[in-house]
Amino acid sequence: MAIYGYVRVSSKDQNPDRQLKALKKRKVDYIYVDKFSGKDFERPAYKKMISQVKEGDLIIIKSIDRLGRNYQEILEQWRTLTKEIKVNIEVLDMPLLNTTVDSNNGLTGIFISDLVLQILAYVAETERTFIRQRQKEGIAVAKEKGVQFGRNKIEEPEKFNTSYLLWKNEKMSIRKAAELCGMSYTTFYRRAKERENVENCSK
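Below: a short report on this structure. The structure presented is a predicted model; accordingly, all values stated were derived computationally and were not measured.

Each value, and the rule that gives it
Residues numbered from 1 in each chain as written. Predicted model: local features only at pLDDT ≥ 70, side-chain atom pairs only at ≥ 80, totals over all residues. Heavy atoms only, no water. Helix = DSSP H or I, 4+ residues; strand = E, 2+ residues; numbered from the N terminus. Buried < 20%, exposed > 50% of the residue type's maximum accessible area, 1.4 Å probe, protein only. Areas by Shrake-Rupley, 256 points an atom, 1.4 Å probe, with all protein chains shown as cover. Polar contact = N/O pair within 3.5 Å; in protein donor to acceptor, adjacent residues only side chain to side chain. Contact = heavy atoms within 4.5 Å. Phe/Tyr/Trp six-rings, centres within 6.5 Å; stacked < 30°, edge-to-face > 60°. Lys NZ or Arg CZ within 6 Å of the ring centre and 35° of its normal. Arc of directions from axis to C-beta. Salt bridge = Lys/Arg side-chain N within 4 Å of Asp/Glu carboxyl O. Core = buried A, V, L, I, M, F, W, Y, C linked by side-chain atoms within 4.5 Å. Pairing = 2+ DSSP bridges. Axes fitted to C-alpha atoms, helices over the stretch in contact; angles between N-to-C directions.

## Let's talk about the overall build of the protein
- If you tally the helices and strands in the protein, you get eight helices and six strands.
- Secondary structure elements of the protein occur, N-terminal to C-terminal, as β-α-β-α-β-α-α-β-β-β-α-α-α-α.
- Within the protein, buried positions represent 35% of all 203 residues.
- Of the roughly 13,400 Å² that the protein leaves accessible, carbon and sulfur atoms contribute 53%.

## With respect to the side chain of Arg66
- One can find Arg66 in helix 3 (residues 64-67).
- Exposure remark for Arg66: the relative accessible area of 9% places this residue in the buried category.
- Here Arg8 takes part through its backbone oxygen, which lies 2.7 Å from a polar atom of the side chain of Arg66.
- Apart from the residues within four sequence positions on either side, Arg66 is in contact with Tyr6, Arg8, Val9, Gln19 and Arg43.

## Some thoughts on the packing of aromatic side chains
- Taken as a whole, this structure holds eight aromatic pairs when the rule is applied.
- An angle of 75° between the planes, with centres 5.4 Å apart, marks the rings of Tyr6 and Tyr46 as edge-to-face. With Tyr6 in strand 1 (residues 3-9) and Tyr46 in helix 2 (residues 44-52), this pair connects stretches of sequence that are 40 residues apart. There is no split in this pair, since Tyr6 and Tyr46 are both buried.
- Following the ring pairs from residue to residue traces out a cluster consisting of Phe160, Tyr164, Trp167 and Phe188.
- The cationic tip of Arg43 hangs over the ring face of Phe41; the distance from NZ or CZ to the ring centre is 4.6 Å.
- One residue, Arg43, lies across the ring of Tyr46, its end atom 5.7 Å from the ring centre.

## Thoughts on helix 2
- For helix 2, the full list of buried residues reads Ala45, Tyr46 and Met49. For helix 2, the buried positions fall inside an angular range of 100° around the axis, keeping them on one side.
- Buried residues along helix 2 sit in contact with strand 1, strand 2 (30-35), strand 3 (58-61), helix 3 and helix 4 (71-85).

## Some remarks on the pattern of salt bridges
- Scanning the model with the defined rule gives six salt bridges in all.
- Residues Glu42 and Lys47 are paired through a salt bridge, measuring 3.0 Å at the closest nitrogen-oxygen approach.
- Exposure remark for Lys47: the relative accessible area of 45% places this residue in the partly exposed category.
- Among the ionic pairs, Arg79 bridges to Glu84, the shortest N-O distance being 2.8 Å.
- Several salt bridges share partner residues, and in doing so they unite Glu76, Arg79 and Glu84 into one network.

## Details of the nonpolar core
- Counting 25 residues, the largest nonpolar core has Met49, Ile64, Leu67, Trp78 and Leu117 as the members making the most contacts within it.
- Those elements that place two or more of their residues in this core are strand 1, helix 2, strand 3, helix 3, helix 4, strand 4 (88-91) and helix 5 (109-144).
- If sequence neighbours within four positions are ignored, Met49 has contacts with Tyr4, Gly5, Tyr6, Tyr32 and Ile59.
- Ranked by size, the runner-up nonpolar core spans 10 residues in total, among them Trp167, Ala177, Ala178 and Ala192.

## Details of the sheet that holds strand 2
- On the basis of which strands lie adjacent, the open sheet formed by four strands has the order 2-1-3-4 and parallel pairing. The open sheet has two edge strands with one neighbour each: strand 2 and strand 4. Going across the sheet, the axis of each strand differs from the next one's by a mean of 20°, ignoring polarity.
- Pairing between strand 3 and strand 4: four bridges, direction parallel. Of the residues in strand 4, the one forming a bridge with Leu58 is Asn88.
- Packing of helix 1 (residues 17-24) onto the sheet brings it into contact with strand 1, strand 2 and strand 3, and relative to strand 1 it is tilted by some 165°.

In structure tokens form, the structure reads like this:
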């Protein structure tokens, strides 16, 4: 049986030493380190480790969030690892997730670890739902109080109408029209198209 350690930090600036120190106490054979976000499993070191592990091997991680942040994807990866590849997983900070026999805690097994992970996934998803709901409620209250969101729209220059008409009637290029009213090309083009759409809708 080979023992693999997996370490993940979210960015190149973060230090993985704490995770590495915890893994080295277990005398792992191989350690894979990713400096990537945990939003998905498209990480080079993780993918390389998965290509190496075999049935009966052990993967050790410091905590479940080192495996990933998206619990639905964690559930899928957990199923692949434990059911398809048939490796064991040990989570140092949460022994209830261990799929191995622990002499101190007894047999937790795949069934209990799956159950605990399902509960964690439910709690995480529920919390995300609550956060989204609170954000919507907060925005609604703020709008009632007159708070505006998004970038403030720049007032149109005095010469915008003249420039717009010259451009629309093909008397001037759009770049020249933008220069005439003192707007950038991209801003003038966006505003001109907005004006054009309003005119078309009112016909």
